Protein chains: 2
Amino acid sequence: MTNSKRVYLFGNGQAEGRADMRNQLGGKGANLAEMNLIGVPVPPGFTITTDVCNEYYEIGKDKVVELLRDDVNRSMKHIEELTGQTFGDATNPLLVSVRSGARASMPGMMDTILNLGLNDEVVEGLARKTNNPRFAYDAYRRFVQMYGDVVMALKPVNKEDIDPFEEIIEKVKAEKGVKLDNELDVEDLKRLVVLFKEAILTRTGQEFPTNPVDQLWGAICAVFDSWMNDRAILYRKMEGIPAEWGTAVNVMAMVFGNMGQTSATGVCFSRNAATGENLFNGEWLVNAQGEDVVAGIRTPQQITKIGSQRWAELQGISEEERVTKYPSMEEVMPEIYNELNSIQQKLENHYRDMQDMEFTVQEGKLWFLQTRNGKRTGAAMVKIAMDLLSEGKIDEKTAVLRCEPQKLDELLHPVFDKNEVSKAVSLTRGLPASPGAACGQIVFFAEDADKWNKDGHKVILVRMETSPEDLAGMAAAEGILTARGGMTSHAAVVARGMGKCCVSGAGAVNVDYKARTIEINGKVLREGDYISINGSTGDVYDGEVKTQEAELSGDFAKLMELCDKYARLQVRTNADTPHDADVARKFGAVGIGLCRTEHMFFEAEKIVAMREMILSDTEEGRKQALSKLLPFQKNDFIGIFKAMNGYPVNIRLLDPPLHEFVPQDKKGQEEMAKDMGVTVDFIKQRVDSLSEHNPMLGHRGCRLGNTYPEITQTQTRAIISAACELKKQGLDPKPEIMVPLTGNVFEFEAQEKVIREEAAKVFAEEGIELSFKVGTMIEIPRAALTADCIARSAEYFSFGTNDLTQMTFGYSRDDIANFLPTYLNKKILTVDPFQVLDQRGVGQLIQMAVEKGRAVRPTLKCGICGEHGGEPSSVKYCDKLGLNYVSCSPFRVPIARLSAAQAAIENA
Amino acid sequence: MTNSKRVYLFGNGQAEGRADMRNQLGGKGANLAEMNLIGVPVPPGFTITTDVCNEYYEIGKDKVVELLRDDVNRSMKHIEELTGQTFGDATNPLLVSVRSGARASMPGMMDTILNLGLNDEVVEGLARKTNNPRFAYDAYRRFVQMYGDVVMALKPVNKEDIDPFEEIIEKVKAEKGVKLDNELDVEDLKRLVVLFKEAILTRTGQEFPTNPVDQLWGAICAVFDSWMNDRAILYRKMEGIPAEWGTAVNVMAMVFGNMGQTSATGVCFSRNAATGENLFNGEWLVNAQGEDVVAGIRTPQQITKIGSQRWAELQGISEEERVTKYPSMEEVMPEIYNELNSIQQKLENHYRDMQDMEFTVQEGKLWFLQTRNGKRTGAAMVKIAMDLLSEGKIDEKTAVLRCEPQKLDELLHPVFDKNEVSKAVSLTRGLPASPGAACGQIVFFAEDADKWNKDGHKVILVRMETSPEDLAGMAAAEGILTARGGMTSHAAVVARGMGKCCVSGAGAVNVDYKARTIEINGKVLREGDYISINGSTGDVYDGEVKTQEAELSGDFAKLMELCDKYARLQVRTNADTPHDADVARKFGAVGIGLCRTEHMFFEAEKIVAMREMILSDTEEGRKQALSKLLPFQKNDFIGIFKAMNGYPVNIRLLDPPLHEFVPQDKKGQEEMAKDMGVTVDFIKQRVDSLSEHNPMLGHRGCRLGNTYPEITQTQTRAIISAACELKKQGLDPKPEIMVPLTGNVFEFEAQEKVIREEAAKVFAEEGIELSFKVGTMIEIPRAALTADCIARSAEYFSFGTNDLTQMTFGYSRDDIANFLPTYLNKKILTVDPFQVLDQRGVGQLIQMAVEKGRAVRPTLKCGICGEHGGEPSSVKYCDKLGLNYVSCSPFRVPIARLSAAQAAIENA
């Protein structure tokens, strides 16, 4: 590392870096280099590599500055040469921006400083040179504000505080009796700079640096420091980005969108990031700096005319008013627009993906400041991939790989029930910032969202606007509603990234943080009141509006077809009812990987018979009680076999400990005693005798079936007789009977014997036979370790990764909350192993079991039926291990199918 | 199997089998063959192999009889030729015995039939031929009685019933007005036979078979059947004998010890089975059949004169009376005695081990019926091995291998406190049948012994005499006292095998089963009263007499030295207190393998501080509470380091979940609230918040240390400052600090950092340094699976096989009782995996961890500290895996040392 190049130059159509160097240069730096190479106008600058970020945390700030000093000085000279300006020179000053740029996009997570290089002398020179003192002093006050915030850490003391700089601005505006920033004149701005510097000194005890070189190093180090701030750490944790990746630092000559009416700044997308529609779109502001667009403080205008017209329609603004007040860039600056449009097409064609771009127009000259593959909703992701495929821009495998499996979840999100919504009271309409429908109780602060959510409430986070500090709260909310900000505001971008429903810029919403109320056209809602929002339309409704499931067709269906073309792993579903089985079939499941039977004992009449069985001391008594359950169970299986006709249905025999079927509370026991005609004491005694110290490791699974074989007999009879009945009707039921919690081959063999004997009896009685399989869960470490023995008798393995994770880690899933948060914070764990399969530990056991099992029985069918079966990285691992299938909840079937396809392509 | 030889002949100095064929012929059959080969007089006969027993259970009785018929017929002819007698012939009848004979000795477990071949005609012929009708009819009635019992299953209906045959005998004696069996004349015996046959027909519905050939097949099949009777199954389970071994059947010509005053029968040992003394000894009866000696109905006489004299002294019988009433065989039949003595020496020299032999003298001719290596007490085992070694009969390794590690336990058994016993009230004296001291409450029935024991009582089982049905009760009792029976009675033999204290033949004890009392010289004791017995002296005391630990020296010390010469594994101890550490040092432990620290929090003042810590919400509050605990803990460690001076002490950091330190009951919570000056509700709330669904898999082990690092800090400080203090005193403390429940290397590394930092602080404060190790428990499956990662940082591994077994099997040790008995019965498990290490599953993880760990850190020290560390088969497995040490409770240290030596010899 110490020998490698630390700084890469770019500018004027030349660059030392390239697009494929994003690991060293970060996404932004690599694309800045690439844009130079393909002829896109980019201000000159340089990139300090991500490796330096790691050095920064290894050897410390001072040593890194020493190592960089020569490179940075030489690079600044390079910028000076290309721009003809001089850094720190009052007559022809060079100003620069300093931005972070990590390997993976982390929007809003990292800090940025603009207009760097200004001090009391240079600002005067800038004023003289541009002949625009107001511009110069506005730039200066922005720089002092940003630098004070980011580098000198002058932040609001608490969340309800106003930003200290904003407080000063408000005070100055109040003294002057004006409302808007742009009503402040040069003298006001000068006064702001003085007051800002005073506030910095008072609050931080440090002078604002006047030497531009000191400013530059302060900013570079601040970017590196920002890599380890709480927001960045949280974002990385959510996205699974390793801390070792580091961030690059991009230093680039400033260009100004706020130099008058021929200047502008904007953000644009080569396609629609919400819907995927193949239509160039974006937002811009005349005479503004980029932060004004993203921060959502001024409502920006549309770049294209069609976009502008659509926007006006949504807002109920007439075409006349639109043309006057909110004209598009296409209409205002047609030539620049044409250049912009042609470059965006060039960039999309070059990167073969939807681009998210930032640009600035300085006095009629267009500069690109950034391009990257645009974040998008799940729906847009699928549509764009399918469109690019049909446009011939990418091939099938690329289309499959372009889709993030987790994001499909958004397409499966609920929408409002059409009947419900027609009756709902509409309060207002904002921007459709992130699709989906949500309803919940109003909260105003991210912390509350998090807290309420943990207490079991569904909440909508309502904010004037959101900021990166709100991230955790946004994740905890069902949806986000903001009063300010456009489609590219922080709230909108982050919500789309999360697949979370969001309505932004709902200007009619007046938020009162102190009173914890909102007022919309006279109607007041308080914290805790219900509200419903539609992120696909922007509608905001009073109260609770019921949601319903999404429908899947079109591009989604095409993508799924493609997946099945490439996937090797089959995708089954975990389904316990005919309804779940139906849903899963619609999502493309090719069988049931786990049909739990315990719910079949819980309904009214059934639970009585079940309890009768549990209370019985004799085998005879238990058999009698079970015989009452038999017809119910048979019926359940008939429904499931019908729904899955022709596909295998893997039925797990009774698994939970018996105490789950008896009431633990006094009242329940009294009722049960009455129902059963026995004393409460008798019930209490039996319940106590069933209680266990560690039920997870107790009398459950096949330990039940082996102590009470009559349970296994009854379940087998229900399964096999249901299948026989359907076969007689000409259907094709494919039962698989699964022994749970096997840890020892003899446990399995004893159960298998009971199953086969009972099945043979049923066949004889029914006068018909059908083939069925007998297999086992592998969910006890010892089962994996002795899989060679177990495969001797078991026809298939189904990995129950929930329990396997519990026992391999020794973590009780029900108790992990006491230490998991600490473990994640301390990075003892990087992810919750119950969500993402632990490949090193649990995965090792699975691999061992597959290898040992197939060594004995080469045709052994292996699948996974834990929650991990629908988690993309886990599905990919299952593909690598050569499993035959994964099984997951119905709503995760599409995610698993896509993951399976990607795995097959990646592992090929 | 179908092609192999099923029947092996022996007789007249020739034999088809050999001593080393015990797997096929059983111990008895192999030795009968061998005795023939070395010239010991043995009646002719044949052995049906153990493989046939397996065939019997596989293909069934009828097919096996078909397979055997020719072989058996030919073999019977062979016996007829050698004896000149004919089976079923009334003029010169051949009678045979049919006995079981398994690979491992199972005394009294299996059934035997004698005098087979008699019927109403043959008995007449026998009477004529022997000219002794009384003998003939006595043999006949014995045969009918035995056959009726064993083959035709005519048993007492319940335990308090008299045997149905004995009932008839008592009735006939009462009618005749006599007391003893031998007062019955021929006509009485004839009447008994008739009555016996009637009883058989009435009770079983079957006629007694008159055809000798039918009798023979019935008896052979009964032996095979007896392999699966409850007693045999229980015995095998206790001794770990596989059912697949099967039993052989030995058919041998009868010889009679009851043909008058020149006939006799006896049992003898080449050395003393209780003490190991090198002195020929045994018991005999003139004019008796073998069963009379073993059954303990007549009190037998001693074979040697010295034995007889010692016996008389113990019984308080004068030499005059002894010579008259109880003369030794040496005195009565000197010639036969000399032959017997010479053969016993020959046999011991041949087998190079103490022999347990049965013989019969028929009209002046000595026959050996059986020899085998004698069962012995632990003390005798050690002495005999050491004596045979010093006599040059065996070498060192053989001496080590001759000792059963588990039996050393007996030597560690308590003896009576000398002061106590001098004050104790002696009730009577019986025979010192099995050494050790015991006291407990009187029970009379095996079932009660078992039940009372399970209820937490210590009991002494008091019986007239014991029978194989009493096995389970004997195992549950502290000791056994019988009124009848000699040193070779059932009670004596079985108790010695179990290492259980036993006093037999205490004739002064009058047992009244119905009243559940005993009367001893006028003193009446009831069920539940306390009694104390000394199995080494035969003394019986009233009430409770305190016991004390055994002392270890002499042969035991020599054996331990030999062990250390050959052992590769070191043996440490699990000890939590200075006292335990002292005891373990005396037993030869070379360090502490597991020092649990939780008990250090439980004493009065400590628990208050501990609870203060648990109730505190802040780190500061917890630190304050912990600082109160620090001096106590430091003191504890000083004591332990002193006791183990110069030896490593491996200290496990706090492991159990915090809820174990707070009271769960209302009263305790009220007291705690008062102590702490807080409300009961507060306590209750905190206790509830600590409760877990599966505490075994919850917030414990290093999960505590990682959420509350201040606990680890405090413990480290206590350990290191204690060690520093002792080092300053010139001692040599060797602390090892162990992180519990590691499942992830980062968990370990976070704790290691806390430990090393705190230790460095202490060293700086104390101005002294010392070396210490930081290692981890491997008790979570994932720790074993990722041992390569963990060994990167951990300096040693200690396998916590208790928890590792829990998690590998998914068995909660506290809840296993709900299914373990069923699993053992159904042979799903052959042993309790918490007692005997599961090599296939848990052992596989250990092996994996050792290999992975040492691949990364070749010097990695590995040990085991679960309960398995003192279980011989587990210790041997640890040797095989190349562990460095095992650690076990102090009293199991000698057992582990012997096991380690045997392992090294066997695995060499």
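Student: Mind showing me how you'd approach the overall build of chain A here?
Tutor: A tally of regular secondary structure across chain A gives 37 helices and 34 strands. A principal-axis box enclosing the C-alpha atoms of chain A has dimensions of 100 × 65 × 55 Å. Out of the 908 residues in chain A, the part that is buried amounts to 59%. Contacts in chain A between residues far apart in sequence, at least 24 positions, make up 69% of those at least 6 positions apart. Roughly 35,300 Å² of accessible area belongs to chain A as shown, and the carbon and sulfur atoms make up 48% of that amount. Counting 106 positive and 129 negative side-chain charges, chain A places the centres of these two groups 3 Å from one another.

Student: Help me understand the packing of helix α29 (residues 709-728) of chain A against helix α30 (residues 745-766) of chain A, please; the structure alone is not making it clear to me.
Tutor: When two helices pack together, their arrangement is given by the angle between the helix axes and by the axis-to-axis distance. All names here are of chain A. Contact geometry for α29 and α30: axes closest at 8 Å, N-to-C directions at 40°. When the axes of α29 and α30 are compared, the pair comes out oblique. Crossing of α29 against α30: the hand is right-handed. From α29, Pro709, Thr712, Gln713, Thr716, Arg717, Ile720, Ser721, Cys724 and Lys728 reach across to α30, where they touch Gln751, Val754, Ile755, Glu758, Ala759, Lys761, Val762, Phe763, Glu765 and Glu766. A per-class count over the contact of α29 with α30 returns eight nonpolar, five polar and six charged.

Student: How should the relation of the copies chain A and chain B be read in this particular structure?
Tutor: Put simply, the second copy of the chain is the first one after a rotation about an axis and a shift along it. Screw-axis analysis of chain A against chain B gives a translation of 0.6 Å along the axis, an RMSD of 0.4 Å, and a rotation angle of 179°. Look at the turn and shift together and you get a two-fold axis relating the two. The C-alpha atom lying nearest the rotation axis in chain A is that of Asn694 of chain A; the distance is 2.1 Å. The share of interface residues of chain A whose copies in chain B are also at the interface is 100%, consistent with both copies meeting through the same surface.

Student: Just checking my understanding: could you explain the sheet that holds strand β9 (residues 264-269) of chain B for this structure?
Tutor: Sheet strands associate in pairs through backbone hydrogen bonding, adopting either a parallel or an antiparallel arrangement. Residues and elements named next belong to chain B. One open sheet holds the five strands; their spatial order is β11-β10-β9-β12-β13, and the pairing between them is antiparallel. The open sheet has two free edges, formed respectively by β11 (301-302) and β13 (365-373), since each of these has just one partner strand. Sheet topology note: the β9/strand β12 (residues 355-362) ladder contains six bridges and is antiparallel. By the bridge assignment for β12, Phe269 is matched with Asp356.

Student: In this structure, what is going on with the packing of aromatic side chains? I would like to understand it.
Tutor: Each aromatic ring pair is characterised by the separation of its centres together with the angle its planes make. Here the structure, examined in full by the defined rule, presents 37 aromatic pairs over all chains. When the ring of Phe819 of chain A is compared with that of Tyr823 of chain A, the centres are 5.4 Å apart and the planes differ by 65°; the resulting orientation is edge-to-face. Across this residue pair, the class does not change: Phe819 of chain A and Tyr823 of chain A are buried. By the ring-pair criterion, three or more aromatic residues cluster together here, those being Phe809, Tyr811, Phe819 and Tyr823 of chain A. Positioned above the aromatic ring of Tyr8 of chain A is the side chain of Lys5 of chain A, whose terminal nitrogen or guanidinium carbon lies 5.2 Å from the ring centre. If you follow Arg236 of chain B out to its NZ or CZ, it ends over the ring of Trp227 of chain B, 4.0 Å from the centre.

Student: Mind showing me how you'd approach the confidence of the model for chain A here?
Tutor: Low pLDDT means the predicted coordinates in that region are not meant to be read closely. For chain A, the average pLDDT comes to 91, and 97% of its residues sit at 70 or higher. What the predictor reports for the complex is a pTM of 0.80 with an ipTM of 0.79.

Student: Could you clarify how one ought to interpret the sheet that holds strand β24 (residues 530-534) of chain A in this entry?
Tutor: All names here are of chain A. Strand order across the open sheet formed by eight strands is β15-β25-β24-β17-β18-β19-β20-β16, with mixed pairing between neighbours. Two strands in the sheet have a free side with no partner beyond their single neighbour: β15 (426-429) and β16 (431-434). Strand after strand, the sheet turns through a mean of 30° between neighbouring axes, direction not considered.

Student: Got a minute to help me understand the pairing of strand β21 (residues 509-512) of chain A in this structure?
Tutor: Consecutive residues of a regular strand have side chains that alternate between opposite faces of the sheet. Residues and elements named next belong to chain A. On β21, burial follows the alternation: Val509 and Val511 on one face are buried, whereas Asn510 and Asp512 on the facing-out side are not. Of the strand pairs in this sheet, β21 and strand β22 (residues 517-520) are connected by four bridges, and their pairing is antiparallel. Bridging across to β22, Val509 finds its partner in Ile520. Turn length for the β21-β22 hairpin, with the two strands adjacent in sequence and antiparallel, is four residues, and the turn residue Arg516 shows positive phi of about 60°.

Basis of the calculations
Residues numbered from 1 in each chain as written. Chains lettered and ligands numbered in written order. Predicted model: local features only at pLDDT ≥ 70, side-chain atom pairs only at ≥ 80, totals over all residues. Heavy atoms only, no water. Helix = DSSP H or I, 4+ residues; strand = E, 2+ residues; numbered from the N terminus. Buried < 20%, exposed > 50% of the residue type's maximum accessible area, 1.4 Å probe, protein only. Contact = heavy atoms within 4.5 Å. Areas by Shrake-Rupley, 256 points an atom, 1.4 Å probe, with all protein chains shown as cover. Lys, Arg positive; Asp, Glu negative; His and termini not counted. Charge placed at Lys NZ, Arg CZ, Asp CG, Glu CD. Axes fitted to C-alpha atoms, helices over the stretch in contact; angles between N-to-C directions. Parallel < 35°, antiparallel > 145°, perpendicular 65-115°, else oblique. Left-handed = near helix turned anticlockwise from the far one by under 90°. Nonpolar A, V, L, I, M, F, W, Y, C, P; charged D, E, K, R; others polar. Least-squares fit on C-alpha atoms with pLDDT ≥ 70 in both. Pairing = 2+ DSSP bridges. Phe/Tyr/Trp six-rings, centres within 6.5 Å; stacked < 30°, edge-to-face > 60°. Lys NZ or Arg CZ within 6 Å of the ring centre and 35° of its normal. pLDDT = per-residue confidence, 0-100.

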